[in-house]
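Residue-level structure breakdown
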Amino acid sequence: MVSVSTEGLYYSLKDYLKERFGRRVQKITVALPFTCPNIDGTKATGGCTYCFAGTRPAHLSPSVPLKEQIEEGIKRARERYGKNLYFFIYYQSYSNTYGDKEYLKKVYDTALEFDEVVGIDVGTRPDCAPEWVLDLLESYTEKGLEVWVEYGLQSANFSTLKFINRAHGVSDFVDAVLRTKKRNLKVCAHVILGLPHEDREDMIETAKLVASLPIDGIKIHPLHVIKGTKMAEQYMRGEFRVLSLEEYASVAADVIELLPPNMVIHRVTGEVEEDRLIAPDYCTYRKKTEVISAILQELKRRGSYQGCKTPFNR
């Protein structure tokens, strides 16, 4: 997490975790050999058109034992931020609920081996959340962990979902959210701004859908084009354009204004290694602070903040 003050303009994950646990909480991202139903042929093949290696950071490998990944992540965080830390284990790449019960229990149980781990964060798809998976995840709250389930929505426009080969619909997302919130679990939604052929109204409608549901948090990403993906081929053929930083900051501010003030904003940008990125040039680790600052400046210019235009009473 980048140390940028949000100046009270939106409710960041850093602020939430500090309030909840009383100290800095660092996420440790891990990589496991999962896949997705739109990759393995269950629903489709090829995966999402924008996805490269399940969005796994380049420094992580699923061949490294999970416990070793966690130990290394704790070590790096303590070297950077000191020893007074708690940790969340973030199961990120691909669909981290898409497996059999024995395997899923084994990988989630690993988090229990570390006293300094206070939660797990499980990234997945809304069509990969059967009741038994949600029951299993909830069981970890009874063992003292906070559990977040991250569902990729990306867009509330079904034509867009088809175009990017999500192989699920908006109704799958709504269903997964409502079933998950019947349990003692927290839900985070992923949305991408600037997807091909979407205009500002499409992006606003996605924000409104998220704002209308019992969702605890959101990750907001600009579309970025990564080498080796189908979307890269489309982009190089000139089939769509990406948002400039000014455009992205503007529409991200629109989205933030619509979100309920108690919804935790986990991210407002996305990034990839520079040698893997095609466009836009601001979606890199080096420019992450610049993107966040642009969004904050836009909110300040408007005199607005998270929730100032939320259309729903939650």
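Residues numbered from 1 in each chain as written. Predicted model: local features only at pLDDT ≥ 70, side-chain atom pairs only at ≥ 80, totals over all residues. Heavy atoms only, no water.

By the naming in an unreviewed UniProt entry, the protein chain goes by Radical SAM core domain-containing protein and is assigned to Thermocrinis albus. UniProt, in its Cofactor (unreviewed entry) section for the protein chain, records the words "[4Fe-4S] cluster". (UniProt positions renumbered as here; feature names shortened; annotations may be inferred.)

**Details of helix α2 (residues 66-81)**
Helix length check: α2 (16 residues) gives 22 Å between terminal C-alpha atoms against 22 Å at 1.5 Å per residue, within 8%. Restricting attention to buried positions, one finds in α2 the residues Leu66, Gln69, Ile70, Gly73, Ile74 and Ala77. For α2, the arc enclosing every buried residue in end-on projection is 130°, short of the 170-degree limit, so these residues lie on one face. Where α2 is buried, its residues touch β1 (25-30), β2 (86-91) and α3 (101-109). In the segment just after α2, glycine 82 is the residue with positive phi, at about 100°. (Helix = DSSP H or I, 4+ residues; strand = E, 2+ residues; numbered from the N terminus. Expected span 1.5 Å × (residues − 1). Buried < 20%, exposed > 50% of the residue type's maximum accessible area, 1.4 Å probe, protein only. Arc of directions from axis to C-beta. Contact = heavy atoms within 4.5 Å.)

**Thoughts on the layout of surface pockets**
By volume, the second largest pocket amounts to about 160 Å³. Lining the second largest pocket, in full, are Gly194, Leu195, Pro196, His197, Glu198, Arg200, Met203, Phe240, Arg241, Leu243, Glu247 and Val251. Looking at side-chain class alone, the lining of the second largest pocket contains six nonpolar, two polar and four charged residues. (1 Å grid on protein atoms, 1.4 Å probe; cavity = no way out; pocket = protein on both sides within 12 Å on 5 of 7 lines; lining within 4 Å. Points joined across faces, edges and corners; volume = space filled by probe spheres on them. Nonpolar A, V, L, I, M, F, W, Y, C, P; charged D, E, K, R; others polar.)

**Description of the nonpolar core**
Core analysis: the largest hydrophobic core is formed by 76 residues, its most contacted members being Tyr91, Tyr108, Ile120, Ile220 and Tyr248. Once you skip the residues sitting within four places of it in the chain, tyrosine 91 turns out to touch Val30, Leu32, Leu66, Asn96, Val107, Tyr108, Ala111, Ile120, Asp121, Val122 and Gly123. (Core = buried A, V, L, I, M, F, W, Y, C linked by side-chain atoms within 4.5 Å.)

**Quick notes on the pattern of salt bridges**
Tallied over the entire structure, the rule returns 29 salt bridges. Here aspartate 216 makes a salt bridge to lysine 181, at a shortest N to O gap of 2.9 Å. Note that aspartate 216 is positioned in the loop between α7 (200-212) and β6 (217-222) and lysine 181 in the loop between α6 (170-180) and β5 (186-193), a separation of 35 residues in sequence. Overall, the relative accessible area of 27% leaves lysine 181 in the partly exposed class. Overlapping salt bridges bring together Arg200, Asp254, Glu257, Glu298, Arg301, Arg302 and Lys309 as one network. (Salt bridge = Lys/Arg side-chain N within 4 Å of Asp/Glu carboxyl O.)

**Considering the side chain of glutamate 198**
In this fold, glutamate 198 is placed in the loop between β5 and α7. This buried residue, glutamate 198, is left without a salt bridge; arginine 166 holds the nearest opposite charge, at 11 Å. Among the polar contacts listed, one links the side chain of glutamate 198 to the side chain of serine 155, at a separation of 2.4 Å. With near-sequence residues (within four places) excluded, glutamate 198 lies in contact with Ser155, Asn157, Thr160 and Met203. (Lys, Arg positive; Asp, Glu negative; His and termini not counted. Polar contact = N/O pair within 3.5 Å; in protein donor to acceptor, adjacent residues only side chain to side chain.)

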